[in-house]
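So the chains spell out like this:
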Amino acid sequence: MHLDTRRLFSAAAHQLRASEIRELLKLLNRPQMISFAGGLPNPAAFPAEELGDLVKKVVKEHGAEALQYGPTEGYVRLRNAIARGMGEHLSIAAGVDDVLITTGSQQALSLLSTVLVDPGDVVLTASPTYLGAMLTFNSTLARVEGVHTDEHGIEPDALEAKLQELEKGGKKPKFLYLVPTFDNPTGITIPLVRRRRIYEIASRFDLLIIEDDPYGLLRYEGVAVPPIKALDTEDRVVYVGSFSKILAPGFRVAWMTAPPALMSKLVLAKQAQDLCTNTFGQFAVFEAMRENLLFPHIEKIKQLYHRKRDLMLEAVSREFPKELRWNRPEGGLFLWVQLPEKMNALDLLNKAIERNVAFVIGRPFFPDNRGHNTLRMNFSYAGDSDISLGVQRLAEVIRSEMSRDPDDDSHDHVDVF
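Here the residue numbering is sequential within each chain, running from 1 through the sequence in written order. Where totals are concerned, whole chains, interfaces and linings use all residues; where local detail is concerned, this predicted model gives features only for residues with pLDDT of at least 70, and gives and counts side-chain atom pairs only at 80 or more. The side-chain values count all of the structure's non-hydrogen atoms but skip hydrogen atoms and water molecules.

## Examining the overall build of the protein
Stage number 1. Put simply, DSSP H or I for four residues or longer makes a helix, DSSP E for two residues or longer makes a strand, and each gets a number counted from the N terminus. For the protein, the count of helices and strands is 13 helices and 14 strands.
Stage number 2. Only the C-alpha atoms count toward the radius of gyration. The rule for a globule is 2.2 Å times the residue count to the power 0.38. Relative to the compact-globule value of 22 Å for 417 residues, the protein shows a C-alpha radius of gyration of 22 Å, a close match.
Stage number 3. Each of the three principal axes of the protein carries a C-alpha extent, and together these read 65 × 65 × 55 Å.
Stage number 4. Of all 417 residues assigned to the protein, the portion counted as buried reaches 54%.
Stage number 5. Residues are treated as being in contact if the distance between any of their heavy atoms lies within 4.5 Å. Pairs at least 24 residues apart make up 76% of the contacts formed inside the protein by residues separated by at least 6 positions.
Stage number 6. Methods summary: accessible areas were calculated by the Shrake-Rupley approach with a probe of 1.4 Å, and residue burial reflects only the protein chains presented. Of the accessible surface of the protein, which amounts to about 18600 Å², a share of 51% is contributed by carbon and sulfur atoms.
Stage number 7. Positive charges come from Lys and Arg alone, negative charges from Asp and Glu alone, with His and the N- and C-terminal ends not counted. Each charge is placed at NZ for Lys, CZ for Arg, CG for Asp and CD for Glu. A gap of 3 Å separates the mean positions of the 49 positive and 55 negative side-chain charges of the protein. Burial status follows relative accessibility: with a 1.4 Å probe on protein chains alone, a residue under 20% of its type maximum counts as buried, one over 50% as exposed, and anything between as partly exposed.

Structure follows, in structure tokens:
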């Protein structure tokens, strides 16, 4: 008799579900497919030649250390460099002991969930929010509840009302998770005045904030907004950063800062997960910072992504029916689109894939499964000519779907969220 391993699954394992985006990406390997689906950096954005020289240097000068296990907290010279960089570029005061290197920012979220969340605990997010974060929180059996957003991000009044409602029910959320700068999936940046209000509300309700900031340095226009962590005077903001979008995701090097008592538990939790982050990758990232490769490289990819964003905005403005609504992100990797209310993005996706163009449906990004008529488009990965052609194909599918419902009275619906 074969063992039925399903009966051995933990309660958390029973809750695990495949990422709809990851499953979709498996279908997009055929060469003629134009994909706006993933959140991938463009391969042209990788400084392969320069990194090749740095890798040789790491092997030659630091091979004995770089090829060995390292401290759980991370390579100390890299942690020092990150702490200095946060002060210089983000106005975040931090020392080396405030920085923990993680295996991608996803591990940072996993560690925080492990240390902070018990089954049934409430976790608050924007609605919509980053799908990978929801999957992580759900894996620890958290109860993820979304807070309404508008064109400027999470609404402070809605956050306050949600906290009051939970308080009346005897519930206190473990934390509020946000991607406040060039949000995934919407591309929205929360304005400074709203960030201050969110922090004030968090202070009043004694709420921890987790600020996930993988895109903050990828600004193409407008004025930079300081991270919420830069406003933090009470040690209530955990900041998560990553080199994946600004250098290379293959290194799997990210970091977070946290209050001392929380940091000590995070280090212990990381020891149970992987002992240490990729040591060689940490040495390579440090050399990229020490040799002054990182920020000149960021300026180059900003030019690349700025052009691609503009190409996509021009294409959707030219091709999409006027009934659709979309935003104009000032940075990051994503455009957020709303279809007429009676349309379903999943139905549209199936037909778009037949035309060899793909996007990500919006519904999985909503904790309450709303957003049936929303979709996310990535502009960083596709080639320039493919952006125009892909948008043209998608617009043709949209127009075809809209023509199937002549009685649709939703064309005047303009609320993007």
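## Some remarks on unusual backbone geometry
Stage number 1. For the bond running from serine 127 to proline 128, omega is 15°, close enough to zero to count as cis.
Stage number 2. Position of proline 128 relative to the elements: it lies in the loop between strand S3 (122-127) and helix H6 (131-139).
Stage number 3. Along the chain, asparagine 184 connects to proline 185 via a cis peptide bond; the corresponding omega equals 25°.
Stage number 4. Looking at where proline 185 falls in the secondary structure, it is placed in the loop between strand S6 (175-178) and helix H8 (192-204).
Stage number 5. For leucine 141, which is not glycine, the phi torsion reads 65° and is therefore positive.
Stage number 6. For leucine 141, the position within the fold is in the loop between H6 and strand S4 (143-150).
Stage number 7. Its relative accessible area of 24% is what places leucine 141 among the partly exposed residues.
Stage number 8. With a phi close to 55°, aspartate 235 is a non-glycine residue in the positive phi region.

## Some words on the packing of aromatic side chains
Stage number 1. Any two of the Phe, Tyr and Trp rings considered here, Trp counted by its six-membered ring, make a pair once their centres fall within 6.5 Å; the pair's planes then place it as stacked at under 30 degrees, edge-to-face at over 60, or tilted in between. Taken as a whole and judged by the stated rule, the model has 9 aromatic pairs.
Stage number 2. Centroid distance tyrosine 75 to phenylalanine 286: 5.6 Å. Interplanar angle 85°. Geometry classified as edge-to-face. Here phenylalanine 286 lies in helix H10 (residues 279-290) and tyrosine 75 lies in the loop between helix H3 (48-66) and helix H4 (76-90), a separation of 211 residues in the sequence.
Stage number 3. Given a relative accessible area of 6%, phenylalanine 286 falls into the buried group.

## A look at the environment of methionine 343
Stage number 1. Relative to the helices and strands, methionine 343 is located in the loop between strand S11 (334-338) and helix H12 (345-354).
Stage number 2. Assessed through its relative accessible area of 7%, methionine 343 is described here as buried.
Stage number 3. Considered as a pair, methionine 343 and histidine 372 are 29 residues apart in the sequence and their alpha carbons are 7.7 Å apart.
Stage number 4. Methionine 343 has contacts with Leu348, His372, Asn373, Ile398, Glu401 and Met402, leaving out every residue within four places of it along the chain.

## Re the sheet that holds S11
Stage number 1. When DSSP finds at least two bridges between two strands, those strands are taken to pair. Pairing is antiparallel in the open sheet, where 4 strands are placed in the order S10-S11-S14-S13. With one partner strand each, in any of the chains shown, strand S10 (325-326) and strand S13 (360-361) form the two edges of the open sheet.
Stage number 2. Pairing geometry for S10 and S11, over 2 bridges, is antiparallel. Bridged to tryptophan 326 within S11 is valine 337.

## Regarding H4
Stage number 1. Over its 15 residues, H4 extends 20 Å from the first C-alpha to the last, a length consistent with the 21 Å expected when each residue adds 1.5 Å.
Stage number 2. Regarding H4, the residues found buried are Leu78, Arg79, Ala81, Ile82, Ala83, Gly85, Met86 and Leu90.
Stage number 3. Its buried side turned inward, H4 meets strand S2 (99-103), strand S8 (237-242), strand S9 (253-257) and H10.
Stage number 4. A positive backbone phi angle near 60° is found at serine 91, which sits one or two residues after H4. Expected helix span is given by 1.5 Å per residue-to-residue step, counting one fewer step than there are residues.

## Considering the packing of H3 against H10
Stage number 1. Helix axes use the C-alpha atoms of the stretch in contact, all axes being lines fitted to C-alpha atoms, and the angles between their N-to-C directions lie in the range 0 to 180 degrees. Across the interface, H3 lies against H10 with an axial gap of 10 Å and an inter-helix angle of 130°. Regarding the angle of H3 to H10, the classification is oblique. Crossing of H3 against H10: the hand is right-handed. Note on element contacts: H10 touches H3 through Thr279, Phe280, Phe283, Ala284, Glu287, Ala288 and Arg290, opposite Leu54, Val55, Lys57, Val58, Val59, His62, Glu65 and Ala66. The labels follow the angle: roughly parallel below 35 degrees, roughly antiparallel above 145, roughly perpendicular from 65 to 115, and oblique for the rest. Helix crossings are classified by the rotation of the near helix relative to the far one: an anticlockwise turn of less than a right angle makes the crossing left-handed, while a clockwise turn makes it right-handed.

## Quick notes on the pairing of S2
Stage number 1. Burial runs high along S2: 4 of the 5 residues are buried.
Stage number 2. Taken together, the 5 bridges between S2 and S9 define a ladder with antiparallel strand orientation. Bridge pairing links isoleucine 101 to tryptophan 255 in S9.

In short, the description is geometric, and any link to function would need to be established separately.
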